[in-house]
Amino acid sequence: DARVTQTPRHKVTEMGQEVTMRCQPILGHNTVFWYRQTMMQGLELLAYFRNRAPLDDSGMPKDRFSAEMPDATLATLKIQPSEPRDSAVYFCASGSPRGGNYGYTFGSGTRLTVV
Amino acid sequence: TQLLEQSPQFLSIQEGENLTVYCNSSSVFSSLQWYRQEPGEGPVLLVTVVTGGEVKKLKRLTFQFGDARKDSSLHITAAQPGDTGLYLCAGGSGGGSNYKLTFGKGTLLTVNP
C-alpha cells in the first residue's frame with residue numbers, strides 16, 4: 001500500500017532549539033497538509049499545499065513556524081525557536097482532489113517533546 | 001469557524017455490545033468522513049458520505065449522513081476488541097483548490113474482551 005512517510009517518529013529537544021519535521025507524500029498526490037494533534041485541541045490544521053504552492057497557513061504561528069515544499073516528494077515543517085507549548089504529535093497527510101470530495105492519507109506522525 | 005462536536009467523548013463497552021457515536025455541527029458540509037486512529041498511528045479513512053440521508057455500511061459499521069448534511073452517526077454492531085480506537089469525524093468544505101477538512105475531537109472507544 002502507498003504510504004505517507006514522516007521523519008523523525010519521535011523528537012525530544014530543548015526549548016529554543018530548531019526542529020525540522022519531514023514528510024514524503026504519496027506519489028501522485030498533489031495536496032499536502034500539516035496537522036497538530038493534542039488532547040485538548042484535537043487535530044488542528046496548520047498549513048496545506050497544492051501542487052507545492054502554499055494555499056493556507058492561517059493555522060500556524062507565523063513568528064516561529066514555517067512550512068515549505070521544496071519538491072513534490074518532500075514537505076517540511078520547521079519550528080524556530082521551539083517552546084514547551086509546541087509539544088504535540090504533528091501529522092502530515094496527502095490527498096488528490098479528483099472529483100471533489102476526497103479523503104486524506106495520514107502519516108504515522110512525529111511526536112515532539114520540547115523540554 | 002466551522003466546528004464539529006463529537007459525542008460521547010469516551011465510551012467503554014463489552015465485546016458483543018452495540019454502540020452509536022455522533023458528530024454534530026451547525027454548519028453544512030459538502031462531505032463527511034469518518035476515520036479511526038490507533039495509538040501511535042495516524043488516522044485511517046473509513047468512509048466518505050456526500051449525499052444528505054446517505055447510509056453506508058462497512059461490515060459491522062454503519063455510517064449515516066444527516067438529511068441537512070450537518071451531522072452524522074456511526075453505529076457499530078457486535079463490537080469487538082479490534083474496534084478499539086479513536087473515531088474522528090471530519091467535514092469537507094470549500095471547492096476546488098479551497099477544499100479542506102475540519103476534524104472533530106473524536107470519540108475514544110474501548111471494547112473490553
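Residues numbered from 1 in each chain as written. Chains lettered and ligands numbered in written order. Predicted model: local features only at pLDDT ≥ 70, side-chain atom pairs only at ≥ 80, totals over all residues. Heavy atoms only, no water.

Draft legend 1. Expanded view of the interface of chain B and chain A. If you look at the interface, chain B gives 21 residues, while chain A gives 20 residues. Looking at the side of chain B facing chain A, the largest losses of area belong to B:Y99, B:K100 and B:F103, adding up to 30% of the total buried there. At the surface where chain B touches chain A, the tally comes to 1 salt bridge. The shortest N-O distance in the salt bridge between B:K100 and A:D56 comes to 2.9 Å. (Contact = heavy atoms within 4.5 Å. Buried area = accessible area lost by both parts, 1.4 Å probe. Salt bridge = Lys/Arg side-chain N within 4 Å of Asp/Glu carboxyl O.)

Draft legend 2. Local environment of the sheet that holds strand β1 (residues 5-7) of chain B. All names here are of chain B. Taken together, 5 strands build an open sheet; the order of strands is β1-β3-β8-β7-β6 and the sheet is antiparallel. Two strands bound the open sheet, and with one partner strand each, they are β1 and β6 (55-58). Averaged over all pairs of adjacent strands, the angle between their axes in this sheet comes to 15 degrees, without regard to strand direction. Pairing geometry for strand β7 (residues 61-65) and strand β8 (residues 71-76), over 5 bridges, is antiparallel. Paired with Q64 across the bridge in β8 is S73. (Pairing = 2+ DSSP bridges. Helix = DSSP H or I, 4+ residues; strand = E, 2+ residues; numbered from the N terminus. Axes fitted to C-alpha atoms, helices over the stretch in contact; angles between N-to-C directions.)

Draft legend 3. Fine view of the packing of aromatic side chains. The final tally for this structure, using the stated rule, is 11 aromatic pairs over all chains. Pairing A:Y104 with A:F106 gives two aromatic rings, centres 6.3 Å apart and planes at 40 degrees, and the pair type is tilted. Classification of A:Y104 as buried rests on a relative accessible area of 2%. Take A:F106: its relative accessible area is 8%, and that puts it in the buried class. One aromatic cluster in this structure is built from A:F33, A:Y35, A:Y48, A:F91, A:Y104, A:F106, B:Y35 and B:F103. (Phe/Tyr/Trp six-rings, centres within 6.5 Å; stacked < 30°, edge-to-face > 60°. Buried < 20%, exposed > 50% of the residue type's maximum accessible area, 1.4 Å probe, protein only.)

Draft legend 4. Region of the structure containing the environment of B:N112. All names here are of chain B. When you line up the elements, N112 lands in strand β11 (residues 107-112). Between the C-alpha atoms of N112 and G53, which are 59 residues apart in sequence, the distance is 32 Å. With residues near it in sequence (within four places) discarded, N112 still touches S12, I13, Q14 and E15. A distance of 3.1 Å separates polar atoms of two side chains, one belonging to N112 and the other to S12. (Polar contact = N/O pair within 3.5 Å; in protein donor to acceptor, adjacent residues only side chain to side chain.)

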